[in-house]
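Letter by letter, the chains look like this.
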Amino acid sequence: MGFDSHRTHTRKIGSAPGTLIDLPVTSPSRLWAVHYRGEEMHEHLDIDLDDARALVSADSVTWIHIQGQPDRRLLDRLGEVFDLHSLALEDVQSLVQRPKLDVYQEQLFAILNLPRWNGEGVELEQFNLFMGEGYVLSIHAGEEEVVQAVRRRMAKVRTRLRTHGADYLFYALMDLVVDQAFPVLETFGEEVEALEEVLLERPSRDLLSAIYQHKRNLMILRRQLWPTREVVSQLMRGANDEEYFAPDLQPFLQDLYDHTVHIMDLLETYRDVVASMLDVYLSSVSNRLNDIMRVLTMISTIFIPLTFIVGVYGMNFGNNTKSPWAMPELNWYYGYPLVWGVMLLIAAAMTIFFRRKGWLGGSR
Amino acid sequence: MGFDSHRTHTRKIGSAPGTLIDLPVTSPSRLWAVHYRGEEMHEHLDIDLDDARALVSADSVTWIHIQGQPDRRLLDRLGEVFDLHSLALEDVQSLVQRPKLDVYQEQLFAILNLPRWNGEGVELEQFNLFMGEGYVLSIHAGEEEVVQAVRRRMAKVRTRLRTHGADYLFYALMDLVVDQAFPVLETFGEEVEALEEVLLERPSRDLLSAIYQHKRNLMILRRQLWPTREVVSQLMRGANDEEYFAPDLQPFLQDLYDHTVHIMDLLETYRDVVASMLDVYLSSVSNRLNDIMRVLTMISTIFIPLTFIVGVYGMNFGNNTKSPWAMPELNWYYGYPLVWGVMLLIAAAMTIFFRRKGWLGGSR
Amino acid sequence: MGFDSHRTHTRKIGSAPGTLIDLPVTSPSRLWAVHYRGEEMHEHLDIDLDDARALVSADSVTWIHIQGQPDRRLLDRLGEVFDLHSLALEDVQSLVQRPKLDVYQEQLFAILNLPRWNGEGVELEQFNLFMGEGYVLSIHAGEEEVVQAVRRRMAKVRTRLRTHGADYLFYALMDLVVDQAFPVLETFGEEVEALEEVLLERPSRDLLSAIYQHKRNLMILRRQLWPTREVVSQLMRGANDEEYFAPDLQPFLQDLYDHTVHIMDLLETYRDVVASMLDVYLSSVSNRLNDIMRVLTMISTIFIPLTFIVGVYGMNFGNNTKSPWAMPELNWYYGYPLVWGVMLLIAAAMTIFFRRKGWLGGSR
Amino acid sequence: MGFDSHRTHTRKIGSAPGTLIDLPVTSPSRLWAVHYRGEEMHEHLDIDLDDARALVSADSVTWIHIQGQPDRRLLDRLGEVFDLHSLALEDVQSLVQRPKLDVYQEQLFAILNLPRWNGEGVELEQFNLFMGEGYVLSIHAGEEEVVQAVRRRMAKVRTRLRTHGADYLFYALMDLVVDQAFPVLETFGEEVEALEEVLLERPSRDLLSAIYQHKRNLMILRRQLWPTREVVSQLMRGANDEEYFAPDLQPFLQDLYDHTVHIMDLLETYRDVVASMLDVYLSSVSNRLNDIMRVLTMISTIFIPLTFIVGVYGMNFGNNTKSPWAMPELNWYYGYPLVWGVMLLIAAAMTIFFRRKGWLGGSR
Amino acid sequence: MGFDSHRTHTRKIGSAPGTLIDLPVTSPSRLWAVHYRGEEMHEHLDIDLDDARALVSADSVTWIHIQGQPDRRLLDRLGEVFDLHSLALEDVQSLVQRPKLDVYQEQLFAILNLPRWNGEGVELEQFNLFMGEGYVLSIHAGEEEVVQAVRRRMAKVRTRLRTHGADYLFYALMDLVVDQAFPVLETFGEEVEALEEVLLERPSRDLLSAIYQHKRNLMILRRQLWPTREVVSQLMRGANDEEYFAPDLQPFLQDLYDHTVHIMDLLETYRDVVASMLDVYLSSVSNRLNDIMRVLTMISTIFIPLTFIVGVYGMNFGNNTKSPWAMPELNWYYGYPLVWGVMLLIAAAMTIFFRRKGWLGGSR
Ligand SMILES: [Mg+2]
Ligand SMILES: [Mg+2]
Ligand SMILES: [Mg+2]
Ligand SMILES: [Mg+2]
Ligand SMILES: [Mg+2]
Ligand SMILES: [Mg+2]
Ligand SMILES: [Mg+2]
Ligand SMILES: [Mg+2]
Ligand SMILES: [Mg+2]
Ligand SMILES: [Mg+2]
Ligand SMILES: [Mg+2]
Ligand SMILES: [Mg+2]
Ligand SMILES: [Mg+2]
Ligand SMILES: [Mg+2]
Ligand SMILES: [Mg+2]
Ligand SMILES: [Mg+2]
Ligand SMILES: [Mg+2]
Ligand SMILES: [Mg+2]
Ligand SMILES: [Mg+2]
Ligand SMILES: [Mg+2]
Ligand SMILES: [Mg+2]
Ligand SMILES: [Mg+2]
Ligand SMILES: [Mg+2]
Ligand SMILES: [Mg+2]
Ligand SMILES: [Mg+2]
Ligand SMILES: [Mg+2]
Ligand SMILES: [Mg+2]
Ligand SMILES: [Mg+2]
Ligand SMILES: [Mg+2]
Ligand SMILES: [Mg+2]
Ligand SMILES: [Mg+2]
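- Looking at an unreviewed UniProt entry, one finds chain A named Magnesium transport protein CorA, with Acidihalobacter prosperus as its source organism.
- Under the UniProt heading Function (unreviewed entry), the note attached to chain A is "Mediates influx of magnesium ions."

### Some thoughts on the interface of chain A and chain D
Argument step 1. Across the contact, 67 residues belong to chain A and 75 residues belong to chain D.
Argument step 2. Applying the counting rule to chain A against chain D returns five salt bridges.
Argument step 3. Of all the secondary-structure elements, those providing two or more residues to the side of chain A that touches chain D are helix H1 (7–12), helix H4 (86–94), strand E4 (100–103), helix H9 (206–242), helix H10 (250–312) and helix H11 (335–357) of chain A.
Argument step 4. Per-element accounting of the side of chain A that touches chain D gives the leading share, 17 residues, to H10(A).
Argument step 5. Partitioning the side of chain A that touches chain D into residue classes produces 35 nonpolar, 18 polar and 14 charged.

### Description of the relation of the copies chain B and chain A
Argument step 1. For the pair chain B and chain A, the superposition axis carries a translation of 0.1 Å, the fit reaches an RMSD of 0.1 Å, and the rotation angle comes to 72 degrees. Such values leave the two copies arranged in the relation of a five-fold axis. Among all C-alpha atoms of chain B, that of Gly314(B) lies closest to the rotation axis, at 4.4 Å.
Argument step 2. Little of the interface of chain B is mirrored in chain A, where only 18% of its interface residues are also at the interface.

### Looking at the pairing of strand E1 (residues 30–37) of chain E
Where a strand is regular, its side chains alternate between the two sheet faces.
Residue and element names in this part refer to chain E.
Argument step 1. Burial of E1 is extensive: six of the eight residues sit out of reach of the surface.
Argument step 2. When E1 meets strand E3 (residues 61–67), the two strands line up antiparallel, connected through seven bridges. Note on E3: the bridge partner recorded for Val34 is Trp63.
Argument step 3. Sheet topology note: the E1/strand E2 (residues 40–44) ladder contains five bridges and is antiparallel. Paired with Ala33 across the strands is His44, a residue of E2.
Argument step 4. Turn length for the E1-E2 hairpin, with the two strands adjacent in sequence and antiparallel, is two residues, and the turn residue Gly38 shows positive phi of about 55 degrees.

### Some words on the sheet that holds strand E3 (residues 61–67) of chain D
Residues and elements named next belong to chain D.
Argument step 1. Read across the sheet, seven strands follow the order E2-E1-E3-E7-E6-E5-E4 without closing on themselves; strand pairing throughout is mixed. The open sheet has two free edges, formed respectively by strand E2 (40–44) and strand E4 (100–103), since each of these has just one partner strand. Taking the axes of each pair of neighbouring strands and ignoring which way they run, one obtains an average angle of 15 degrees across the sheet.
Argument step 2. Two strands pair when backbone bridges link them, and strand E6 (residues 122–132) and strand E7 (residues 135–140) are joined in this way by six bridges, in the antiparallel orientation.

### Some points on the side chain of Thr301(A)
Argument step 1. Tracing the chain through its elements places Thr301(A) in helix H10.
Argument step 2. A polar side-chain atom of Thr301(A) sits 2.5 Å from the main-chain carbonyl oxygen of Thr297(A).
Argument step 3. Among all residues touching Thr301(A), those that are not within four sequence positions of it are Met350(A), Phe354(A), Val295(B), Leu296(B) and Ile299(B).

### Quick word on the interface of chain B and chain A
Argument step 1. With 67 residues of chain B in contact, the opposing surface of chain A contributes 75 residues.
Argument step 2. Carbon and sulfur atoms supply 64% of the area buried between chain B and chain A, which totals about 6400 Å² over both sides.
Argument step 3. For Glu268(A), the salt bridge identified is with Arg223(B), shortest N-O distance 2.8 Å.
Argument step 4. Linking chain B with chain A are 17 residue pairs in polar contact (both at pLDDT 80 or more).
Argument step 5. Within the residue set of the side of chain B that touches chain A, elements represented by two or more residues are helix H1 (7–11), helix H4 (86–94), strand E4 (100–103), helix H9 (206–242), helix H10 (250–312) and helix H11 (335–357) of chain B.
Argument step 6. Ranked by residues supplied to the side of chain B that touches chain A, first place goes to H10(B) with 17 residues.
Argument step 7. Considering only residue class, the side of chain B that touches chain A consists of 35 nonpolar, 18 polar and 14 charged.

Rules used in this analysis
- Residues numbered from 1 in each chain as written.
- Chains lettered and ligands numbered in written order.
- Predicted model: local features only at pLDDT ≥ 70, side-chain atom pairs only at ≥ 80, totals over all residues.
- Heavy atoms only, no water.
- UniProt positions renumbered as here; feature names shortened; annotations may be inferred.
- Contact = heavy atoms within 4.5 Å.
- Salt bridge = Lys/Arg side-chain N within 4 Å of Asp/Glu carboxyl O.
- Helix = DSSP H or I, 4+ residues; strand = E, 2+ residues; numbered from the N terminus.
- Nonpolar A, V, L, I, M, F, W, Y, C, P; charged D, E, K, R; others polar.
- Least-squares fit on C-alpha atoms with pLDDT ≥ 70 in both.
- Buried < 20%, exposed > 50% of the residue type's maximum accessible area, 1.4 Å probe, protein only.
- Pairing = 2+ DSSP bridges.
- Axes fitted to C-alpha atoms, helices over the stretch in contact; angles between N-to-C directions.
- Polar contact = N/O pair within 3.5 Å; in protein donor to acceptor, adjacent residues only side chain to side chain.
- Buried area = accessible area lost by both parts, 1.4 Å probe.

Set out below in structure tokens:
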């Protein structure tokens, strides 16, 4: 996971706020709409923006969805047709927004980050939501169409989606986006538990890099998801005085809030656990160094005195046959076995010393 | 202790909020009810839900308890019979909720986590409490029936339980659940003190893993119990304007709040203490490495010069009898004892040097 | 200092809130009373509870003091005679309360922790204070009677204690308990400064355990005294609307608050300083290891090449007199002194190398 | 990046608040003005202060800009001509202010820090903004004229800059200054990612110094930019009751606020990531020490026993032909190859032992 | 810098609050007064307390200053003459107060800590300020008379000091005391930068102690100056409803507040920077250990195999002339040069191995 890119910002320094730029759009975006009132419901898969706008009325709900990153022309048209603020359109285009809620004259505008596990890490996709009278406009700058689940639920007549207004649809889409974090967190949790097992049983060197990567990604992820909590909280508090949300939706917003808090809790727990793992890794590296040094020390200290002794009898004083003081040991009848005996005694004494110090067993 | 499982969440992504799912329920749940008014009290051990509901009246108290995890069918029935919100039922089923308090139209709904020591760690069991007019409904997704203590106290006529309404019963059950933390904390405290003793007296390698496990479990436990404080605090503040609780219960809620704060204090103290232990463990590993290196260094530095000297007289220059410069020492009358003398001198000098450095005693 | 004991809590799980239990009381508690009005003052050293109660009137002050831990019977009687809430009595008995202030219908109830240096660590004694109309009831679960200082001051007629009501007495006792922290902190400060000196001049191994013990005790102490601040703050804020305290006592409460804040400041400073010491200790252990390794490395690297050289001339190729290539050096006239010359040169070169690296002086 | 210099403060201790001093001004400052009303717009590049003041009227906008650090004389004149508070002028001169917003009787006064990458680090330039009725006065104590971008946008007639009043100009300049942080942060982000790559692949010693420098600079930078957030937040809250800002500018202030929050988020993320890198660096140093020690230990422990053995047969007991106990091995027919065999066996056993310990591969 | 001394507190435990004690006063304090109204101003250098009091009137300003620590008698007299609260006098005497602001019936009472660099560290001197109607009473328990700067400014007739009342004088003295921190911080900043240079270029052992001392002193200093911020903030908020300060002084208080915040910012930056230095120091110690171990390992691993080889040919098997298996190498014509060849090869191979590992250059 990279830090988020500020290129959009950087390229626009000095230009007027709310200026859209021509960004390369790799794959074209698709637009569709769903319109429902009472038991009626119509899906419009090949519709243009103006026709979609024409569907909107105060006593029905129209859901317009754009999948993929809209190009500049489409954004300009969206602004005109739905009377969206140029700053909101700029935010839709920039793709590196923190989650936030803006209340404009005619619309509510929310930006969420949709986390997705891409096989080796987490990617965040920007999910934009506008709600005005009688319509919800959602723009998801990603490839996979996660909103299909909501569209499928909508097919049934007596579901809450169908019996409530645009506010419930707005909520249902936020709920969908927020819930995407759970499988990602599950994957994270499993990875952290796998790392823990490796850490405690056979800490390898690759672990260091893995722990660092996890710690870093959790720091970034937490910071990028954290404001979601505030968005939902604002929605709960603001729902009353702005009358955007029907009072009976309050428990649903509360439930959504619980989910965001739960997600933050898990992210913080993982972050703290991974931070501890780094300390434990350092400890286990030190422990291994101790093991190595113990082996070296034992071998060295046992053999160094013995090597000295054999060195003594390698001296050539024995050649001097004129002095009785010149290595008489060499001429003793049991000289050689005696030297072996002395050396074995020393080795045994050393071994007992090490056992007393507790250096022999793997216990310390 | 594992991180909490998000499987319930994960399996339901995209489904409508408030949707119950068919989870495998290993052991069936049991339902019983107690009904009391004034001096009368009846226990109904083999009652079905509708009969239990029929007992409820505004001038008596009915306590309905479900022991074990209710299956989907029972939850559906509970929702219908007691008019419970589908989001509340979903929370009862999910088992991984943070402690929280929800205020619905007709009920107060609290979720608590009941900590239990399972021999080697802490497990959390979800305890759900609903209070409506004239009744309390408790659902404990665990095996052991901890509420028996309250039922036994209820047997006596003149206890507060009997002379107060459903609000006191609701409080008494929360108090029971919160108090379950104390024996768990006592066990934790004893384990931490045992670890401390090991740490300061004979730090073994297993300690590292034990400290890590404790630190990690305390981090998780603290995060999962922390919201309990807020639940009780909400109950205290909300009791007045909602009139759920009689004014003379305020001191009891205050007492309950004191307990939750005390529990959090202890959890944080343990966490901080265990975090310090990791640092001290690292220090003691370094100290041990110092010990080992000191022994190695002493043995090596004493014998290396000596081994050099005996090596010198192992050189075969003495064979050259034609030069007076070729190792005359070998032919000195006291040559051999003299070499020993020099070597003993060197060893003594080294030992004095080490004693001066303070490397000989175990004091540094 | 142990973590605080939860045995009282643990033993009572499931019993009704406000239930007193029969605890073993090692030494009996003593009760005395002082009664004063205007210039009159009487001490009653051998008085029973009912007579003490009879002294109480709205226009005089009666101070009833219990020294030592009251047994269950006395607590029951206290509850009846002074109309105390059973939850307050339970708190008096449990001895492990956090400092707190409870406002009951007829009394103000404060719990404070009185710190005392027991020679090697800090002990906390619970000090309970009740104030009702015309009386103050103090219960000190400790052996030494610290309140004697207040009683002595009371002997003088024109002191504030005699010219003010029960509120000033209540304040004066809190002030006395809070001030007990200063000598304890002075002792702590001296110990910390002594540790610092040892740390910077001759870090010994015992230091590690001492630092850990201090860090741990400061963490526990801070957490157990911290709520005192809130108690005094509540008293200051609450004094007005509850009219428990005369307005001219406000500066005294402010002064008391200053003291508690000062105590917390000192505790936090000590804790932070001790935490830094652990890091510095780790550094100095590493420095010592460096010293040891430097000595080993110097001795080894000087002698290892020399030992190799003498080994070369210990080879028996010289025995082969048939080849001119077979160790002719052995037969050179100045062979032996030349070898010594080469070895001295190598040793000198090594020494210069080490001096350049800065490994010889103790400066790095 | 140095800590900010307090010389201005230090030199003035004891002088009256609001006293300007004669500071050496290296390059002279330049002043120009732009005046616009409806479709009219005039640029005045060679104008003096009094003439600029004369342009100001309630129904037009005059923008006066000073590029470079104004000298004392100019500041004095500014104070007189625009009726600025002497404390504000003192702040303009001191150059080491934290970002802040002061509301004076007749003006709004904002100080911002403009970050600029100077090739190897970040420099902060003070940007001062005054807004009074009908005018904006900007003073930028830097060399490069960043405000040119705004002046260029102003050239077009129908831009918001031209159709709004002084408030929008004030906002547009703040937006410009705040946005300067993005390219700086982009550079920082690239450097941090480069350091990460070095850290995980080939940690060199220079890395330590680089990490430290980054950590330190991020700490300083964060602290110096942090108050910007509060400045914008004050502007948003204060805009209503002070009526300095037209209501339709609220979304623009909100957008500005989002940018400052985003910048702080990035700074904190970088700081946290760099802090983790230090820990990982320490770990990798320890790992490298382990590698080195493992090689030393393997070579030593394999050869030390072998060297002992060859030492044994270097002893001169064999010269003693009178004793059958005196090294009979030397005279065995296969003695020499046997010794080699034994030594190869020992070496093989050692190698197997090390392989089992996992010390041979680079895997641990 | 020592922790602050609690002896004053300790000596007084049990005595009545507001009791002055007889402290040894080493040098006598001096008192002088300045009295001004409109263009008149009189200095009274040899005045006693009662005469000073007599100067005070509602339509003039009297500044009474006491330099040095007043003895008990003077404090008692001050209390009587100016009607000061005994708790305030106690605070003046105790010298270890945190900065604070107390609002009494007739006076405003502020305590500030004046930091002073004493050559090797920071000392705090208590500065007490009373303001009542028509007078300011300042007590500075230090030797050097820092207030002379204000007195000198007062000599000019048209300064703000002369044209405003006691409130401006009170502010001007606070400003003077707060500004004393800047030269101290400048000195600190220079020392920290000097330490940084040493750290990154040639980390010596003395550095550890220096870093620790700085970290510790910054922690203490920050804690002792921190409440200053709150004092000024209280003054700003309280000025309106208490009417102690004229409304046009609000910008001056704001300016003072900016200074205290700036000081805290610098202290926290220094503290964080010094804390990082400790980590970096630890790293560089580890790096140095790596250097040392690398040298040892290279020398050892090159020579250990060579020493083994020469040991082999030191064995006395060659004496056994009866077996063709007994060291035939000794009798080869080119045996000796061959052994040298093999040894040089091994040394070369080892050197290449080390170069590949990157252990030869100083780069890693
Ligand atoms: Mg912009
Ligand atoms: Mg983002
Ligand atoms: Mg926002
Ligand atoms: Mg959801
Ligand atoms: Mg839920
Ligand atoms: Mg859901
Ligand atoms: Mg949970
Ligand atoms: Mg909640
Ligand atoms: Mg309880
Ligand atoms: Mg209690
Ligand atoms: Mg806390
Ligand atoms: Mg740590
Ligand atoms: Mg209880
Ligand atoms: Mg306690
Ligand atoms: Mg409390
Ligand atoms: Mg006191
Ligand atoms: Mg005081
Ligand atoms: Mg100033
Ligand atoms: Mg600055
Ligand atoms: Mg400010
Ligand atoms: Mg911007
Ligand atoms: Mg934006
Ligand atoms: Mg934050
Ligand atoms: Mg760290
Ligand atoms: Mg006092
Ligand atoms: Mg102080
Ligand atoms: Mg205060
Ligand atoms: Mg100032
Ligand atoms: Mg200023
Ligand atoms: Mg701060
Ligand atoms: Mg650290």
